[in-house]
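Letter by letter, the chains look like this.
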Amino acid sequence: MKERKTNKKPKELKAWEKERKLIPVMIRKYCRGNHGTRGGLCEECTALTEYALFRLEKCPFKVNKKFCSLCKIHCYKPDMREKIKDVMKWSGPRMIFTHPVFAFRHVFQMINYKRKLKKEAKAKADV
Ligand SMILES: [Zn+2]
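Computed from a predicted model, the values in this text were never measured in an experiment.

J.: Residues and numbers for the packing of helix α1 (residues 14-35) against helix α2 (residues 43-58), please.
T.: Each pair of packed helices gets described by two things: the angle between the helix axes and the distance between those axes. Between α1 and α2, the shortest axis-to-axis distance is 10 Å and the interhelical angle comes to 165°. Judged on the interaxial angle alone, α2 and α1 are roughly antiparallel. As α1 runs across α2, the sense of the crossing is right-handed. Together, E19, R20, I23, P24, I27, C31 and H35 of α1 and C45, L48, T49, A52, L53 and L56 of α2 make up the contact between the two elements. Here the contact of α1 with α2 is composed, by residue class, of 9 nonpolar, 2 polar and 2 charged.

Listed below in structure tokens is the structure:
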């Protein structure tokens, strides 16, 4: 019997932890590519990283979390949301080279999510 229930890190928090790890990576990539910084972050991107991690910390969906971009609540302030969207748009496709598993899983979840929305919309229309 290899099953152990007393893991330090619950499996349910894995996605959340991954997102917490990858957000700074994506922002760093974006900053280097768009703001020309080397080995650090510009002021704006530092603030964005702090903000994103703070929101993630407060996220009510830590357990079994999907990606923030799929979340219905969209807890970001509008200006921060625009910024993080730009980061995701720019860094997302580039993640395929450095974090292929993550990037593909993200795309896959996105497709599933859209399919689910369609189904829900159809179910509502049927009632
Ligand atoms: Zn920057």
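Okay, back to it.
J.: Any details on the packing of α1 against helix α3 (residues 78-98)? Residues and values, ideally.
T.: With their axes 9 Å apart at the nearest point, α1 and α3 run at an angle of 100° to one another. Comparing the axis directions of α1 and α3 gives the class roughly perpendicular. Here α1 contributes M26, I27, K29, Y30, G33 and N34 to the contact with α3, which in turn contributes V87, M88, W90, S91, R94 and M95. Residue composition of the contact of α1 with α3, grouped by class: 7 nonpolar, 3 polar and 2 charged.

Calculation notes
Residues numbered from 1 in each chain as written. Predicted model: local features only at pLDDT ≥ 70, side-chain atom pairs only at ≥ 80, totals over all residues. Axes fitted to C-alpha atoms, helices over the stretch in contact; angles between N-to-C directions. Helix = DSSP H or I, 4+ residues; strand = E, 2+ residues; numbered from the N terminus. Parallel < 35°, antiparallel > 145°, perpendicular 65-115°, else oblique. Left-handed = near helix turned anticlockwise from the far one by under 90°. Contact = placed C-beta atoms within 7 Å. Nonpolar A, V, L, I, M, F, W, Y, C, P; charged D, E, K, R; others polar.

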